[in-house]
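Take a look at the letters that make up each chain.
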Amino acid sequence: IVEDDPSILSGLKLNLEMEGYEIITANNGRIGIEQFEAHAPDLIILDLMLPERNGFEVLEEVRAQDPEIGVLILSAREGHDDKVLGLGLGADDYLSKPFELGELLARIDARFRRKRLKKDQPTPLHFADIVIDGPARRVSKAGALLEMSAKEFDLLLYLVERPDRVVSREQVLQNIWGHDYAI
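Below you will find a few notes about this structure. The structure presented is a predicted model; accordingly, all values stated were derived computationally and were not measured. (Residues numbered from 1 in each chain as written. Predicted model: local features only at pLDDT ≥ 70, side-chain atom pairs only at ≥ 80, totals over all residues. Heavy atoms only, no water.)

Re the side chain of Arg 63
Phase 1: The residue Arg 63 is located in helix 3 (residues 55-65) in this model.
Phase 2: When its relative accessible area of 13% is taken as the criterion, Arg 63 is described as buried.
Phase 3: Here the side chain of Arg 63 touches Pro 67 through a polar contact of 3.3 Å, landing on its backbone oxygen.
Phase 4: For Arg 63, the contacting residues outside a window of four places in its chain are Glu 68, Ile 69, Val 71, Leu 89, Gly 90 and Asp 92. (Helix = DSSP H or I, 4+ residues; strand = E, 2+ residues; numbered from the N terminus. Buried < 20%, exposed > 50% of the residue type's maximum accessible area, 1.4 Å probe, protein only. Polar contact = N/O pair within 3.5 Å; in protein donor to acceptor, adjacent residues only side chain to side chain. Contact = heavy atoms within 4.5 Å.)

The structure is reproduced here in structure tokens:
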């Protein structure tokens, strides 16, 4: 939490710790960046009107170092231009003060839920200059999409998912063509 108002900072810290979060705090922008660099948090709750470095500057610095970190702006600046600027600089969410704690907690939970869903997505398999995207059933070599039949794709994926293993002909036939395939 990067917040210069001591009562908001302590209230947020207490409530979020009661929800089970580990909290690191900073009361100005410079310390906020130092804490970010030292602790690599999963989410930053960021005020905009901060001493030493304002929230927009902190957001730009954080985004330059880690484009994936969650950033939720929590600010008394509720003008349309501030919201557009904050979101344009890479904030994931913007909540105006005064705020309801329940809404803040719901937005934090939503951010972590999206992060979990993204983590659960299978990542494409890479070897040499070949990329296999299993869910999309696409294969590319040096950036060019390769055409292959469904069985060719299944066979390639089956073999690539078993690196450094010997796979018998019978295993391939059973797993790719099915139990009823005649040899």
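That shown, we press on.
As for the packing of helix 2 (residues 29-39) against helix 3
Phase 1: At a closest axis distance of 10 Å, the pairing of helix 2 and helix 3 adopts a crossing angle of 15°. Overall, the two elements helix 2 and helix 3 adopt an arrangement that is roughly parallel. Considering how the two elements wind past one another, helix 2 and helix 3 form a crossing that is right-handed. Residue-level contacts link Gly 29, Ile 33, Phe 36 and Glu 37 of helix 2 to Val 58, Glu 61, Val 62 and Gln 65 of helix 3. (Axes fitted to C-alpha atoms, helices over the stretch in contact; angles between N-to-C directions. Parallel < 35°, antiparallel > 145°, perpendicular 65-115°, else oblique. Left-handed = near helix turned anticlockwise from the far one by under 90°.)

Side note on the sheet that holds strand 1 (residues 43-46)
Phase 1: Taken together, three strands build an open sheet; the order of strands is 1-2-3 and the sheet is parallel. What marks the edges here is a single partner per strand, and that holds for strand 1 and strand 3 (93-96). Strand-to-strand, the axes of this sheet are offset by a mean angle of 15°, without reference to chain direction.
Phase 2: Sheet topology places strand 1 next to strand 2 (residues 70-75); four bridges connect them, and they run parallel. From the neighbouring strand, Leu 43 faces strand 2, where its bridge partner is Gly 70. (Pairing = 2+ DSSP bridges.)

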